[in-house]
Amino acid sequence: MKIRKIMVIGAGQMGAGIAQVCAQAGYDVLLYDLHEEKTKKALHRIDQNLARNVEKQRMDEQEKEAARKKITQAHSLQDASAVDMVIEAVVEKMNVKRDIFAQLDEITQDHTILASNTSSLPITEIAAATDRPERVIGMHFMNPVPVMKLVEIIRGLATEDEVYKKVEDVTKTIGKMPVEVNDFPGFVSNRILMPMINEAIYTLYEGVATKEAIDEVMKLGMNHPMGPIQLADFIGLDTCLSIMEILHEGFGDDKYRPCPLLRKYVKAGWVGKKAGRGFYTYE
């Protein structure tokens, strides 16, 4: 079965980006969020991104209009009954994802592939909420989706080769680079990135250097485009904490123990750029 129609569930920054790149590649896209106002805001954000692409001559006006017409707002999860693939991009909580996948198992057609954009949660556990674990897979996009090329494709314990191949083909069609990863906590990207960010926060916590100095060392000394503490603010300190907790629980190794300063900032609501304040302050 050829994949022609995709539903993206979750209209946050990641979901909007995934919907945009799928539409630009010619797929019919349904964008759904439990809160319709959030979907409308996502569609407005997509309009702005496409207009910016025209200004920067990455596409012409005709291509912009064609991409925008490919995206439709879905008003119910039941609309998933008409799609060939679902990409879930909701909050990083296992109980929420399992509930959605259990519903999708009842709603979607037998051939439909169910993919999760989880950044660290086990695909095998998400798949166990369905009666088709062989058709469940992970697609971990990087943020911002329209810019970043990598997609980690994560096989669950039961994921079929045919499903992996179709998802790999979709990933290439939308202009991304697929990398196959097995189902372990944090996969590859966050298993390596988050401990580095956590260690940078420990370095600040222990008074080794200021946040600005730590970021400059990593930018100028290690050629990173952004320092780890600033990057944590951009990702969201709540997201960083959640992933560190998943790594800590999944491996039972104290090297993944979240820094107390990270916990303190999250409890204060200083969760990064999206809140206007994290380790840095944002206007």
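Residues numbered from 1 in each chain as written. Predicted model: local features only at pLDDT ≥ 70, side-chain atom pairs only at ≥ 80, totals over all residues. Heavy atoms only, no water.

Participant: Sorry, what's going on with the packing of aromatic side chains here?
Facilitator: The geometry of an aromatic ring pair comes down to the distance between the two centres and the angle between the two planes. Evaluated as defined, the whole model comprises five aromatic pairs. Here the aromatic rings of Tyr265 and Phe279 are separated by 4.4 Å at their centres, their planes lie at 25°, and the arrangement is stacked. Taken as a pair, Tyr265 in helix H11 (residues 260–268) and Phe279 in the segment after H11 lie far apart in primary sequence, 14 residues in all. You'll find Tyr265 and Phe279 in the same group, each marked buried. These aromatic residues form a ring-pair network of at least three members: Tyr265, Trp270 and Phe279. Directly above the aromatic system of Tyr164 lies the positively charged group of Arg155, at a separation of 4.5 Å from the ring centroid. The ring of Tyr280 has Lys211 sitting right over it, with the charged end atom 5.4 Å from the ring centre. (Phe/Tyr/Trp six-rings, centres within 6.5 Å; stacked < 30°, edge-to-face > 60°. Helix = DSSP H or I, 4+ residues; strand = E, 2+ residues; numbered from the N terminus. Buried < 20%, exposed > 50% of the residue type's maximum accessible area, 1.4 Å probe, protein only. Lys NZ or Arg CZ within 6 Å of the ring centre and 35° of its normal.)

Participant: Would you take a moment to explain the domain arrangement of the protein chain for this structure?
Facilitator: Many structure descriptions define interface size as the accessible area lost when the parts assemble. Assigned domains of the protein chain: these are domain 1 (5–182) and domain 2 (190–274). Each side of the interface is counted separately: domain 1 has five residues, and domain 2 has four residues. Buried surface at the junction of domain 1 and domain 2, both sides included, amounts to about 380 Å², of which 53% is carbon and sulfur. Looking only at domain 1, the three residues that lose the most surface to domain 2 are Glu92, Ser119 and Ser120, adding up to 70% of its buried area. Counting the contacts that link domain 1 with domain 2 gives zero salt bridges. (Domains from an automatic or database assignment. Contact = heavy atoms within 4.5 Å. Buried area = accessible area lost by both parts, 1.4 Å probe. Salt bridge = Lys/Arg side-chain N within 4 Å of Asp/Glu carboxyl O.)

Participant: How should the side chain of Ser120 be read in this particular structure?
Facilitator: Assignment of secondary structure puts Ser120 in the loop between strand E5 (113–116) and helix H5 (123–127). A relative accessible area of 1% places Ser120 in the buried class. Excluding anything up to four places from it in sequence, Ser120 contacts Glu92, Pro185, Gly186, Phe187, Ile243 and Ile246.

Participant: Explanation requested: the pairing of strand E6 (residues 136–141) in the structure shown.
Facilitator: In summary, the side chains of a regular strand alternate between the two faces of the sheet. Burial analysis of E6 places six of its six residues in the buried class, which makes it a mostly covered element. Relative to E6, E5 runs parallel, the two being bridged by three bridges. Its bridge partner being in E6, Leu114 is matched across the sheet by Val136. One ladder, built from five bridges, connects E6 with strand E7 (residues 150–155); its direction is antiparallel. Paired with Gly138 across the strands is Ile154, a residue of E7. (Pairing = 2+ DSSP bridges.)

Participant: I would appreciate a short explanation of helix H1 (residues 13–24) in the present structure.
Facilitator: Because an α-helix packs 3.6 residues into every turn, residues spaced three or four apart end up facing the same way. Over its 12 residues, H1 extends 17 Å from the first C-alpha to the last, a length consistent with the 16 Å expected when each residue adds 1.5 Å. Counting buried positions along H1 yields 10 of 12 residues, so the element is predominantly enclosed. Downstream of H1 by one or two residues, Gly26 has phi in the positive range, about 100°. (Expected span 1.5 Å × (residues − 1).)

Participant: Sorry if this is basic, but what is going on with unusual backbone geometry here?
Facilitator: Most peptide bonds take the trans configuration, and most residues that are not glycine carry a negative phi. Along the chain, Asn143 connects to Pro144 via a cis peptide bond; the corresponding omega equals 0°. The residue Pro144 is located in the loop between E6 and E7 in this model. A positive phi angle, close to 60°, is found at Gln57, a residue other than glycine. Residue Asn223 is not a glycine yet carries a positive backbone phi of 65°. The exposure class assigned to Asn223 is exposed, which follows from its relative accessible area of 68%.

Participant: How should the pattern of salt bridges be read in this particular structure?
Facilitator: Pairs may arise between side chains of opposite charge once their charged atoms sit close together. Overall, the coordinates contain 17 salt bridges when judged by the stated rule. Residue Glu65 is joined to Lys64 by a salt bridge in which the shortest nitrogen-to-oxygen separation is 3.6 Å. Given the relative accessible area of 17%, Lys64 is considered buried. Lys97 is the partner of Glu88 in a salt bridge, and the nearest nitrogen-oxygen pair spans 2.4 Å. Summarising the burial analysis for this pair, Glu88 and Lys97 share the class buried. One network of salt bridges, in which partners are shared, links Arg135, Glu160, Glu162 and Lys166.

Participant: Looking at this structure, I do not really get the UniProt feature "site: Important for catalytic activity" (unreviewed entry) in the protein chain. What am I missing?
Facilitator: The feature "site: Important for catalytic activity" (unreviewed entry), as given by UniProt, occupies His140 in the numbering adopted here. Examined against the element boundaries, His140 turns out to sit in strand E6. Filtering out sequence-adjacent residues up to four positions away, His140 remains in contact with Ser116, Asn117, Thr118, Ser119, Leu150, Val151, Glu152, Ile154, Phe187, Ser189 and Asn190. Engagement of the side chain of His140 in a polar contact is seen with the side chain of Glu152, the distance being 2.8 Å. (UniProt positions renumbered as here; feature names shortened; annotations may be inferred. Polar contact = N/O pair within 3.5 Å; in protein donor to acceptor, adjacent residues only side chain to side chain.)

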